[in-house]
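Spelled out, the chains give:
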Amino acid sequence: MVRFGKWLYRLGFMPGTSGNLSVRLDRERLLVTPTGASKYLLRSSDMVIVDLEGRHLDGSRKATSELGMHLAVYRQREDVAAVIHAHPPVATAFACSGKALDEMLCQEAAMTLGPVPLASYATTGTEEVAASLEPLIADHQAILMANHGAVSYGATLLDAFLKMETVEHLAVIRLATHQLGPAQVLTPEQLQQLVRAKARYLQNAI
Ligand SMILES: [Zn+2]
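Rules and cut-offs
- Residues numbered from 1 in each chain as written.
- Predicted model: local features only at pLDDT ≥ 70, side-chain atom pairs only at ≥ 80, totals over all residues.
- Heavy atoms only, no water.
- Buried < 20%, exposed > 50% of the residue type's maximum accessible area, 1.4 Å probe, protein only.
- Helix = DSSP H or I, 4+ residues; strand = E, 2+ residues; numbered from the N terminus.
- Arc of directions from axis to C-beta.
- Contact = heavy atoms within 4.5 Å.
- Polar contact = N/O pair within 3.5 Å; in protein donor to acceptor, adjacent residues only side chain to side chain.
- Core = buried A, V, L, I, M, F, W, Y, C linked by side-chain atoms within 4.5 Å.

### Some thoughts on helix α1 (residues 2–10)
Right, on to step 1. When we look at burial in α1, the residues that qualify are Phe4, Gly5 and Leu8. In a view along the axis of α1, the buried residues occupy a sector of 105°, so they form one face of it. Of the residues in α1, the exposed ones pointing more than 90 degrees away from the buried face are Arg3 and Arg10.
Right, on to step 2. Close packing links the buried residues of α1 with β1 (20–24), β5 (82–86) and α6 (157–180).
Right, on to step 3. Backbone geometry just after α1 places Gly12 at a positive phi near 80°.

Right under this line is the structure:
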């Protein structure tokens, strides 16, 4: 978490004290980043252990104020072992413009990430955040949060990180594509072929 926090900070995805990370320790406990800390300066001793209700179990610092969003993901997705919340600038600009990243433009992102929806507006640090994400968590890998940022999740911290990185990459590509002219969106047939290509790829990887 220290390493990925630094990486995300250096990418400009977690400016100031924004952004937070968490991992599942076991069936009952999560390790989360503390509130009010730069992710560049974070040390392992700063991390906090909480239960799935968000109750503090261990650590000298207070857990992130955005813990509710992490808990909402873990509650719905048993396959998820890591959650990242960040403010990547171009993806956040889409979230501030009321636009989802659901246009299928890039083959790679279509295969690995799929559409990234936009959750409705919620005040940070309140229960509204979890409520706005809940309808979208099951069927997506990452979600934009209106006027706020993005959340991604996966089987490992690296998995969640790569998805966050791809969200920002997709936002940059989409912005440039629309500046260049009409976008050539992937057709349903092309998307079907990509589903088959992904299945072949997964088979080869075993
Ligand atoms: Zn945030």
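Back to the write-up after that little detour.
### Regarding the environment of Glu66
Right, on to step 1. Structurally, Glu66 is set in the loop between β4 (56–58) and α2 (67–76).
Right, on to step 2. In this structure the C-alpha to C-alpha distance between Glu66 and Ser18, which are 48 residues apart in sequence, comes to 9.9 Å.
Right, on to step 3. Among all residues touching Glu66, those that are not within four sequence positions of it are Asn20, His85, Thr124 and His148.
Right, on to step 4. One polar contact links Glu66 to His85, side chain to side chain, over a distance of 3.2 Å.

### Some words on the side chain of Asn20
Right, on to step 1. Mapped onto the fold, Asn20 is located in strand β1.
Right, on to step 2. When its relative accessible area of 3% is taken as the criterion, Asn20 is described as buried.
Right, on to step 3. Of the polar contacts made by the side chain of Asn20, one reaches the side chain of Thr64; its length is 3.1 Å.
Right, on to step 4. Within the local environment of Asn20, its side chain forms a polar contact with the side chain of His70, the two groups lying 2.7 Å apart.
Right, on to step 5. Discounting chain neighbours no more than four positions away, the residues touching Asn20 are Met14, Thr33, Lys39, Thr64, Glu66, His70, Val83, Ile84 and His85.

### Considering the nonpolar core
Most often, soluble globular proteins have nonpolar side chains that are buried together.
Right, on to step 1. One finds Leu8, Leu21, Ile84, Leu144, Leu157 and Val167 to be the most contacted residues of the largest nonpolar core, which totals 33 residues.
Right, on to step 2. Among the secondary structure elements, those contributing two or more residues to this core are α1, β1, β5, α3 (89–96), β7 (142–145) and α6.
Right, on to step 3. Examining the composition of this core, we find that seven residues originate from one element, α6, more than from any other.
Right, on to step 4. Contact partners of Leu8, with chain neighbours within four places excluded, come to Phe13, Met14, Leu21, Ile84, Phe161 and Met164.
Right, on to step 5. Of all hydrophobic cores here, the second largest spans 24 residues; its members include Leu71, Ala119, Ala122 and Met145.

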